[in-house]
Structure formats: structure tokens, C-alpha cells
Amino acid sequence: SSGINAEYGDDVQTTKVVCKSIDSFTCFWKPDPNEKGNLTDNKFLSEFEKPCIRYTGHYFQSTLIYSILLGFLGVDRFCLGWTGIGVGKMLTVGGLGIWWVIDIILLITGNLTPNDRSNWETLY
């Protein structure tokens, strides 16, 4: 697939973004007079194109806690948008515990991600 959140480098869409540095940092950047837009003080248009990445509010840490504490009821799968699998996991009580442990391992190794293919939110 090509576009946002594509899996391979050549397929990922990129764009230039307006960046704003933290107030305590000084950015040494010479504005290009040919650039469009009004870029002031510590805001600037990035020199390099950045990948288009989508975030939809999924946090790895909270999902891991859900998976450990309530994974046997499928809460982790519901939170990630895997509703059908969540129902199956709930009805089988986490596959009698086996599915529950497998999902924790999948989550920790990065093989269980949000259904909408978005990235994990960061905590900072």
C-alpha cells in the first residue's frame, strides 16, 4: 500500500512541515526569500520532507496494562479496534488463558497494533 503509514520507505508519502523550536533552543536557519508564507521568529519550514504518520490516540502503555489486567476479556483488542477478535477472546475467556498470553507477547514484540494502522501516541 502507498501513502500514509505505508510499510516500506519508498511507498511512504512525505511533506514539508512548519516546525517550531522549543523556546529555550536557538535554531540557526537562514530563511529562503523565495519561500511562500509568513515564517516568523522560531518557526520555519523544514528543509527535509518528513513522513506522513497518523496518530489516533492509541497509547502502547495503556494498551499493555489493559492486556495484562483485562486481556482475558478482550479489552485490549476492543481498545485497538479489533472488535470481532475481542468478542471471540471475551467469549472464550482469553482462549482459556492461552490467547491472553499470546496477545501480551504480540503486543510487546510490536506485532499487535491498532486496527486502523495508526502509530502509537507518545507520552512526552
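What this report covers is the structure whose coordinates are included nearby. (Residues numbered from 1 in each chain as written. Predicted model: local features only at pLDDT ≥ 70, side-chain atom pairs only at ≥ 80, totals over all residues. Heavy atoms only, no water.)

## Some remarks on the side chain of Thr 63
Within the secondary structure, Thr 63 is located in helix α1 (residues 60-70). The class for Thr 63 is buried, based on a relative accessible area of 4%. With residues up to four places along the chain from it excluded, the contact list for Thr 63 reads Asp 76, Leu 80, Leu 107 and Trp 120. (Helix = DSSP H or I, 4+ residues; strand = E, 2+ residues; numbered from the N terminus. Buried < 20%, exposed > 50% of the residue type's maximum accessible area, 1.4 Å probe, protein only. Contact = heavy atoms within 4.5 Å.)

## Regarding unusual backbone geometry
Even without being a glycine, Val 93 presents a positive backbone phi close to 50°. Of note, Val 93 is situated in helix α4 (residues 93-96). Taking the relative accessible area as the measure of exposure, Val 93 reaches 45% and is therefore partly exposed. Positive phi is not limited to glycine here, since Leu 96 has a value of about 55°. The topology assignment puts Leu 96 in helix α4. The exposure class assigned to Leu 96 is exposed, which follows from its relative accessible area of 77%.

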